[in-house]
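Observations on the three-dimensional arrangement
Now for the letters of each chain:
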Amino acid sequence: MIKIAIPIIRNNICTHFGKASHFLLFEINNKIIKEIDQIEAPPHESNLLPEWFASLGVTHIITSGIGQKTLFHFHKSKINVIVGIIEKSPMEIVI
């Protein structure tokens, strides 16, 4: 099972992780999406976010942009972060 978080703002993928208003969480098991949730983003504190995501069971984050300090904290917490330009919908990215 993997759980992917994708930052969104106004129902679109947020171009920078720290500016997201919400996150879409996709729970995937055996290449099948089992559950999709939308949760409100917590206050942005780069050293606290990995613990918060880990408590939600998140194993991967897909984002267009993220600060180096935040990226470091995620890697330290063993949460995989995939960074790059995202021109698809969250559902298309996960599938």
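A brief look at the structure comes next. Remember, it's a predicted structure, so these values are computed and weren't measured experimentally. (Residues numbered from 1 in each chain as written. Predicted model: local features only at pLDDT ≥ 70, side-chain atom pairs only at ≥ 80, totals over all residues. Heavy atoms only, no water.)

Remarks on the overall build of the protein chain
Using the following cut-off: Secondary structure follows DSSP: runs of H or I at least 4 residues long count as helices, runs of E at least 2 residues long count as strands, and numbering of each begins at the N terminus. We compute the radius of gyration over the C-alpha atoms and compare it with the globule rule, which gives 2.2 Å times the number of residues raised to the power 0.38. Whether a residue is buried, partly exposed or exposed follows from its accessible area with a 1.4 Å probe, protein chains only, as a fraction of its type maximum: under 20%, in between, or over 50%, in that order. Any two residues whose heavy atoms approach within 4.5 Å at even a single point are treated as in contact. With residues, only the protein chains shown are counted as cover, and all accessible areas are computed by Shrake-Rupley using a 1.4 Å probe. For this count, His and the chain ends are skipped, Lys and Arg are scored as positive, and Asp and Glu as negative. Lys charges are placed at NZ, Arg charges at CZ, Asp charges at CG and Glu charges at CD.
The helix and strand inventory of the protein chain stands at three helices and six strands. When the helices and strands of the protein chain are placed in sequence order, the string is β-β-β-β-α-β-α-β-α. Taking 12 Å as the expected radius of gyration for a compact globule of 95 residues, we find that the protein chain reaches 12 Å, a close match to that expectation. Dimensions along the principal axes, computed over C-alpha positions, put the protein chain at roughly 30 × 25 × 20 Å. Looking at the protein chain as a whole, 38% of its 95 residues are labelled buried. Residue pairs at least 24 apart in sequence account for 46% of intrachain contacts in the protein chain once pairs closer than 6 positions are excluded. Here the protein chain displays about 5800 Å² of accessible surface, and carbon together with sulfur accounts for 52% of that area. Measuring between centres, the 9 positive side-chain charges of the protein chain sit 7 Å from its 8 negative side-chain charges.

Considering the nonpolar core
Generally speaking, nonpolar side chains in soluble globular proteins are found buried as a group. The line we're drawing: To form a nonpolar core, buried Ala, Val, Leu, Ile, Met, Phe, Trp, Tyr and Cys residues must be joined to one another through side-chain atoms within 4.5 Å.
Counting residues in each nonpolar core, the largest one holds 17 residues, and the members touching the most others are Ala5, Phe17, Phe23, Phe53, Val58, Ile61 and Phe74. Looking at this core, the elements that each hand over two or more residues are strand E3 (22-29), helix H1 (49-55) and helix H2 (68-76). Leaving out residues up to four positions away in the same chain, Phe53 has contacts with Ala5, Phe17, Phe23, Val58, Ile61, Phe74 and Ile79. Counting nine residues, the second-largest nonpolar core is a separate cluster that includes Phe26, Ile28, Ile62 and Val94.

Quick word on the pairing of strand E4 (residues 32-40)
Quick note on the threshold: Two strands make a pair as long as DSSP finds a minimum of two bridges between them.
By the bridge criterion, eight bridges tie E3 to E4 in an arrangement that is antiparallel. Across the sheet, His22 pairs through a bridge with Glu40, a residue of E4. Between E3 and E4, which pair antiparallel and follow one another directly, the connecting turn spans two residues, one of which, Asn30, has a positive phi of 55°.

Some words on the packing of aromatic side chains
Using the following cut-off: Two aromatic rings, drawn from Phe, Tyr or Trp (for Trp, its six-membered ring), form a pair once their centres lie within 6.5 Å of each other, and the interplanar angle then sorts them: stacked below 30 degrees, edge-to-face above 60, tilted otherwise.
What the rule picks out here adds up to seven aromatic pairs. Each ring, one from Phe17 and one from Phe74, has its centre 5.6 Å from the other, and the planes form 85°; the classification is edge-to-face. One end of the pair, Phe17, is in the loop between strand E2 (12-13) and E3; the other, Phe74, is in helix H2, and 57 residues separate them in sequence. Summarising the burial analysis for this pair, Phe17 and Phe74 share the class buried. Pairing Phe23 with Phe53 gives two aromatic rings, centres 5.0 Å apart and planes at 85°, and the pair type is edge-to-face. Here Phe23 is found in strand E3, whereas its partner Phe53 is found in helix H1, with 30 residues between them in sequence. Three or more aromatic residues joined by ring pairs make a cluster, and in this case those are Phe17, Phe23, Trp52, Phe53 and Phe74.

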